[in-house]
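Each chain, written out:
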Amino acid sequence: MARRAPSGRAPAVAPAPSRRLAGRVLVLFTLSLSCSYLCYSLLCCCGSPAAPRARCPPARAAAAKKLLQQSRPCGRAAPAPPAGSAPGPARPGTKRLPRAIVVGVKKGGTRAVLEFIRVHPEVRALGTEPHFFDRNYHRGLEWYRSLMPRTLDSQITVEKTPSYFVTKEAPRRIFNMSRDTKLIVVVRNPVTRAISDYTQTLSKKPDIPTFEGLTFRNRSLGLVDTSWNAIRIGMYAVHLQSWLQYFPLSQIHFVSGERLITDPAGEMGKVQDFLGIKRVITDKHFYFNKTKGFPCLKKSESSGLPRCLGKSKGRTHVQIDPEVIEQLRDFYRPYNIKFYETVGQDFRWE
Ligand SMILES: Nc1ncnc2c1ncn2[C@@H]1O[C@H](COP(=O)(O)OS(=O)(=O)O)[C@@H](OP(=O)(O)O)[C@H]1O
């Protein structure tokens, strides 16, 4: 028989509101404790060097690794977001300053090297040219870092800005950032490079003078105008001297722009060796696109689909008077010879 409570009071079996609340708090507390433990054991047990790795079963270790890739490593402080950016969900890795920079040369094949190397799982690259060590140095290293893609501890951050090679202050500035920075220079026959450079400028400013007109200070005397950038950039031996004041030759890798087209896997093999990463990018990654006339990637880093470089790469060059080409070959010869001697490699631009 049901017991009746004295009138005006709640039945004895029904909990008082405060006891009901206490019960809910207890349930919530237990739940949050379990969740915290689960997160801790997945994220930190297998990832932290202090934790006994042997106790992690393989399935849990794999789950933890995946989770780690989606979050920051335990105990590492998140970098401050760039001013004005909205707080978003946690993304994998940390923004780090580049460990390797493709510093030049303009029209040498720098985009191809960047797009090819970023296919490597141990490499993350900034897609755009930050121009930090020439135009944007006043913005500071934190600005530069904020542009970088996030990387895991095992990954290398790479950027490319071809104008660094001819920027007087760039070697000192990069050295001050890190004396261990690895430098990559993609070089190409300076005569072809100059014509490529001019062809690009002409496509943007159709009213500029002719190539021949810009090349000489006095054509009949064969006096080349070395103040014209398209000419000056190709004097590799001169620019290299500024870099060698800060970096040993062993820290600079030269890619042949010509071989990058005829044997992309061979050239990229050497780039991977230089970066100290496994030779993952091989012949299997490339196919020759007859329409484009260049090697292309079977799977790009971004979409996983076949990808050639854009229309601004591999343009048809402006026709230049063969006599002018000959004069330019003569002009560059001593610089080329000096360059081959300095780097200990013959690029066969004759
Ligand atoms: N795989 C592949 N596809 C397309 N183009 C290739 C490739 N490999 C090297 N190249 C050559 O790269 C030249 C452009 O060099 P850059 O990327 O350094 O140019 S830029 O300085 O960034 O504007 C570009 O120069 P041009 O042919 O004169 O346009 C190409 O010859």
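Scoring rules and cut-offs
- Residues numbered from 1 in each chain as written.
- Predicted model: local features only at pLDDT ≥ 70, side-chain atom pairs only at ≥ 80, totals over all residues.
- Heavy atoms only, no water.
- 1 Å grid on protein atoms, 1.4 Å probe; cavity = no way out; pocket = protein on both sides within 12 Å on 5 of 7 lines; lining within 4 Å.
- Points joined across faces, edges and corners; volume = space filled by probe spheres on them.
- Helix = DSSP H or I, 4+ residues; strand = E, 2+ residues; numbered from the N terminus.
- Nonpolar A, V, L, I, M, F, W, Y, C, P; charged D, E, K, R; others polar.
- Expected span 1.5 Å × (residues − 1).
- Bend = angle between axes of the 7 residues up to and from the residue.
- Buried < 20%, exposed > 50% of the residue type's maximum accessible area, 1.4 Å probe, protein only.
- Polar contact = N/O pair within 3.5 Å; in protein donor to acceptor, adjacent residues only side chain to side chain.
- Phe/Tyr/Trp six-rings, centres within 6.5 Å; stacked < 30°, edge-to-face > 60°.
- Lys NZ or Arg CZ within 6 Å of the ring centre and 35° of its normal.
- Near = heavy atom within 4 Å.
- Areas by Shrake-Rupley, 256 points an atom, 1.4 Å probe, with all protein chains shown as cover.
- Sits in = over half its atoms within 2 Å of the grid points.
- UniProt positions renumbered as here; feature names shortened; annotations may be inferred.
- Pairing = 2+ DSSP bridges.
- Axes fitted to C-alpha atoms, helices over the stretch in contact; angles between N-to-C directions.
- Contact = heavy atoms within 4.5 Å.
- Disulfide = S-S within 2.5 Å.
- Core = buried A, V, L, I, M, F, W, Y, C linked by side-chain atoms within 4.5 Å.

A separate point is empty space enclosed by the protein. The method is simple in principle: a probe with the dimensions of a water molecule rolls over the atoms, and the space it marks as empty is what remains. Tallying each qualifying case throughout the model produces one cavity of 30 Å³ or more. Within this model, the largest cavity holds a volume of roughly 40 Å³. Every residue lining the largest cavity is listed: N189, V191, R329, Y332, R333, N336, W349 and E350. By residue number, the principal contributor to the lining of the largest cavity is helix α12 (residues 322–343), which donates four residues. In terms of residue class, the lining of the largest cavity is built from three nonpolar, two polar and three charged.

Along its 22 residues, α12 runs 29 Å from first to last C-alpha, staying within 8% of the 32 Å computed at 1.5 Å per residue. A maximum bend of about 40 degrees is found in α12 at R333, where proline P334 lies one to four positions downstream. Taken residue by residue, α12 has V324, L328, F331, Y332, N336, F339, Y340 and V343 as its buried positions. Where α12 begins, the side chain of D321 points an oxygen toward the backbone nitrogen of E323, at a separation of 2.9 Å. Of the residues flanking the end of α12, it is G344, one or two places downstream, whose phi is positive at about 75 degrees.

This paragraph deals with the packing of aromatic side chains. All chains considered together, the criterion is met by 25 aromatic pairs. The interplanar angle of 75 degrees and the centroid separation of 5.4 Å between the aromatic rings of F133 and Y164 together place this pair among those described as edge-to-face. One end of the pair, F133, is in the loop between β3 (123–125) and α4 (141–147); the other, Y164, is in the loop between β5 (156–160) and α5 (170–177), with 31 residues separating them in the sequence. Grouping residues by exposure puts F133 and Y164 together as buried. Judged by centre distance (6.2 Å) and plane angle (40 degrees), the rings of Y340 and F347 are tilted. A connected cluster of aromatic rings, assembled from ring pairs, spans F132, F133, Y137, W143, Y144 and Y164. Over the face of the ring belonging to F274 we find K182, whose NZ or CZ atom lies 5.5 Å from the ring centre.

On to the site of the ligand. Taken together, 24 residues are adjacent to the ligand, and T110, K160, S196, G314 and H317 come closest. In the model, an oxygen atom of the ligand is placed 3.0 Å from a nitrogen or oxygen of the G109 main chain. Between the ligand and G314 there is a distance of 2.7 Å, counted from an oxygen atom to a backbone nitrogen or oxygen. Taken by itself the ligand offers 640 Å² of open surface, and the protein chains cover 96% of this. Judged by its atoms lying within 2 Å of the grid points, the ligand is housed in the largest pocket.

In this structure's numbering, the residues bearing the UniProt feature "binding site: 3'-phosphoadenylyl sulfate" (unreviewed entry) are K107, G108, G109, T110, R111, R188, S196, K313, G314, R315, T316 and H317. Filtering the just-named annotated residues for those lining the largest pocket gives K107, G108, G109, T110, R111, R188, S196, K313, G314, R315 and H317. Locating G314 in the fold gives a position in the loop between β11 (294–297) and α12. With a relative accessible area of 47%, G314 lands in the partly exposed category. With respect to the element layout, H317 can be found in the loop between β11 and α12.

Moving on, we get to the sheet that holds strand β2 (residues 100–104). Pairing is parallel across the open sheet formed by five strands, whose spatial order is β3-β5-β2-β6-β9. The open sheet has two free edges, formed respectively by β3 and β9 (252–256), since each of these has just one partner strand. Each neighbouring strand pair of the sheet contributes to a mean axis angle of 25 degrees, computed without reference to strand direction. Pairing geometry for β2 and β5, over three bridges, is parallel. Residue V102 lies in a different strand from β5, and its bridge partner there is K160. In the packing of helix α9 (residues 236–244) onto the sheet, contacts are made with β2, β6 (182–187) and β9, and the angle to β9 comes to roughly 155 degrees.

Further remarks concern the pairing of strand β10 (residues 286–289). Two elements, β10 and β11, share four bridges in a ladder whose sense is antiparallel. Bridge pairing in β11 places Y287 opposite C296. Linking two consecutive strands that pair antiparallel, namely β10 and β11, is a turn of four residues; a positive phi of about 80 degrees is found at G293 within it.

Attention now goes to the state of the cysteines. Between two cysteines, a covalent bond joining their sulfur atoms is known as a disulfide. This structure, assessed with the given rule, holds one disulfide. A sulfur-sulfur separation of 2.0 Å characterises the disulfide bridge that pairs C296 with C308. Measuring the twist about the S-S bond at about 100 degrees, one finds the C296-C308 disulfide to be right-handed. Of this pair, C296 sits in strand β11 while C308 sits in the loop between β11 and α12, and the two are 12 residues apart along the sequence. With a relative accessible area of 1%, C296 lands in the buried category. Relative accessible area serves as the criterion here: at 21%, C308 is assigned to the partly exposed category.

Bringing the nonpolar core into the picture now. Where a protein is soluble and globular, its nonpolar side chains tend to be buried together. In this structure, Y164, I174, W243 and F339 are the most contacted members of the largest nonpolar core, which totals 31 residues. The set of elements that each furnish at least two residues to this core consists of β2, α5, β6, α9, β9 and α12. Of the residues forming this core, the biggest block, four residues, is contributed by α9. Not counting chain neighbours up to four residues away, the residues in contact with F339 comprise V187, Y236, A237, L240, F254, F347 and W349. A100, V158, A265 and L309 belong to the second largest nonpolar core, which has 25 residues in total.

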